[in-house]
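Listed below are the residues making up each chain.
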Amino acid sequence: AGRIVICYFSAGSHEDWRPDSVDFPAAVLGEPLDDWPGERWLDIAQLARLQPIMQARLELAVAKGCDGVEPDNVDGYTQASGFRITYADQLAYNRWLAAAAHELGLSIGLKNDLAQIPDLMEDFDWALNDQCFQYEECELLLPFVAAGKAVFGVEYAEEGLDPAEYCPAALAYGFSW
């Protein structure tokens with residue numbers, strides 16, 4: 001029908017309800033994510049241990065007919081993950097994800113890792129952001145627009161923002177909100 005299908009998966013956390021949850025070695029499981037029962041941060045610095053699991057997830061996306069992927073939680077270096085994940089560790093992990101997705105013919109979006117946008121612009125095809133208006137950080141996404149790449153996002157009504165205020169601003173920025 002001419003639609004593009006983007007598939008979600010968490011690349012930076014372990015979710016105990018996923019079918020592949022038993023594939024994660026205990027050594028890569030970190031602190032729980034706040035407000036997300038059953039979800040724990042991953043030690044993405046242990047890339048060799050995570051690559052087979054994430055590769056399988058990307059291959060599953062292809063098998064399901066996805067055109068692209070939205071890997072979530074790719075900013076563990078900014079979180080209380082229980083590990084000493086560096087900016088460089090996160091950059092290497094995110095670049096590997098992008099290369100692996102592209103190798104399979106998938107587009108890939110950078111989700112919420114705003115601080116690494118300057119370093120990851122060439123690796124990612126588009127961006128997806130949660131609540132940049134609420135957190136007053138939308139300007140950080142403008143390099144994607146300047147490069148002719150889409151920026152998608154959401155604001156949550158229950159957080160109290162008025163769509164009449166942020167929707168015109170999103171359009172002015174060139175975002176698809």
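Just so we're clear, the structure is a prediction, and the values are computed from it rather than from any experiment. (Residues numbered from 1 in each chain as written. Predicted model: local features only at pLDDT ≥ 70, side-chain atom pairs only at ≥ 80, totals over all residues. Heavy atoms only, no water.)

## Focus on the sheet that holds strand β7 (residues 126–130)
As summarised here, the arrangement of the 5 strands in space is β1-β5-β6-β7-β8, forming an open sheet in which the pairing is parallel. Single-partner strands in this sheet number two, and they are β1 (6–10) and β8 (151–154). The mean inter-strand angle of the sheet, taken between neighbouring strand axes irrespective of direction, is 25 degrees. Bridge count for strand β6 (residues 107–111) against β7 is 3 bridges, and the pairing is parallel. (Pairing = 2+ DSSP bridges. Helix = DSSP H or I, 4+ residues; strand = E, 2+ residues; numbered from the N terminus. Axes fitted to C-alpha atoms, helices over the stretch in contact; angles between N-to-C directions.)

## A few points about unusual backbone geometry
Positioned with a positive phi, Asp-35 is a non-glycine residue whose angle comes to about 70 degrees. Considering the arrangement of structural elements, one finds Asp-35 in the loop between β3 (29–32) and β4 (39–42). Positive phi, close to 65 degrees, is recorded for Gln-131, a residue that is not glycine. Secondary-structure assignment places Gln-131 in the loop between β7 and α4 (142–146).

## Some remarks on helix α2 (residues 87–103)
Helix length check: α2, at 17 residues, gives a terminal C-alpha distance of 24 Å against a target of 24 Å (1.5 Å per residue), a fit within 8%. For α2, every residue scored as buried is listed here: Gln-90, Leu-91, Tyr-93, Asn-94, Trp-96, Leu-97, Ala-98, Ala-100 and Ala-101. Next to the buried residues of α2 lie β1, α1 (47–63), β5 (68–72), β6 and α3 (117–120). Phi turns positive one or two residues past the end of α2, at Gly-105, with a value near 80 degrees. (Expected span 1.5 Å × (residues − 1). Buried < 20%, exposed > 50% of the residue type's maximum accessible area, 1.4 Å probe, protein only. Contact = heavy atoms within 4.5 Å.)

## Here's the deal with the nonpolar core
Core analysis: the largest hydrophobic core is formed by 43 residues, its most contacted members being Met-54 and Leu-97. If you list the elements that add at least two residues to this core, you get β1, α1, α2, β6, α3 and α5 (163–173). Per-element accounting of this core gives the leading share, 7 residues, to α2. Not counting residues within four places of it along the chain, the set of residues in contact with Leu-97 comprises Phe-9, Ala-11, Met-54, Leu-58, Pro-71, Val-74 and Ile-108. (Core = buried A, V, L, I, M, F, W, Y, C linked by side-chain atoms within 4.5 Å.)

## Quick notes on the layout of surface pockets
What the largest pocket holds in volume is close to 880 Å³. Where the lining of the largest pocket is concerned, the elements lending two or more residues are β3, β4 and β7. Of the residues assigned to the lining of the largest pocket, the class counts are 10 nonpolar, 5 polar and 10 charged. The volume enclosed by the second largest pocket comes to roughly 340 Å³. In terms of lining residues, the second largest pocket is bounded by 17 residues, among which Tyr-8, Phe-9, Asp-20, Arg-57 and Leu-60 are the most central. Mapped onto the lining of the second largest pocket, the elements with two or more residues apiece are β1 and α1. Tallying contributions element by element places α1 first for the lining of the second largest pocket, with 5 residues. Of the residues contributing to the lining of the second largest pocket, the split by class is 10 nonpolar, 1 polar and 6 charged. (1 Å grid on protein atoms, 1.4 Å probe; cavity = no way out; pocket = protein on both sides within 12 Å on 5 of 7 lines; lining within 4 Å. Points joined across faces, edges and corners; volume = space filled by probe spheres on them. Nonpolar A, V, L, I, M, F, W, Y, C, P; charged D, E, K, R; others polar.)

## Looking at the pairing of β5
By the criterion of burial, β5 is predominantly enclosed, with 5 of the 5 residues buried. Pairing analysis gives 5 bridges linking β1 to β5, with the strands arranged parallel. Looking at the pairing, Ile-6 lines up with Gly-68 of β5. In the sheet, β5 pairs with β6 via 2 bridges, with the strands oriented parallel. Along β6, the bridge assignment pairs Val-69 with Ile-108. For the segment spanning β5, α2 and β6, crossover handedness is right-handed. (Right-handed = clockwise from strand over helix to strand, strands pointing away.)

Keep in mind that these numbers describe shape and distance, not what the molecule does.
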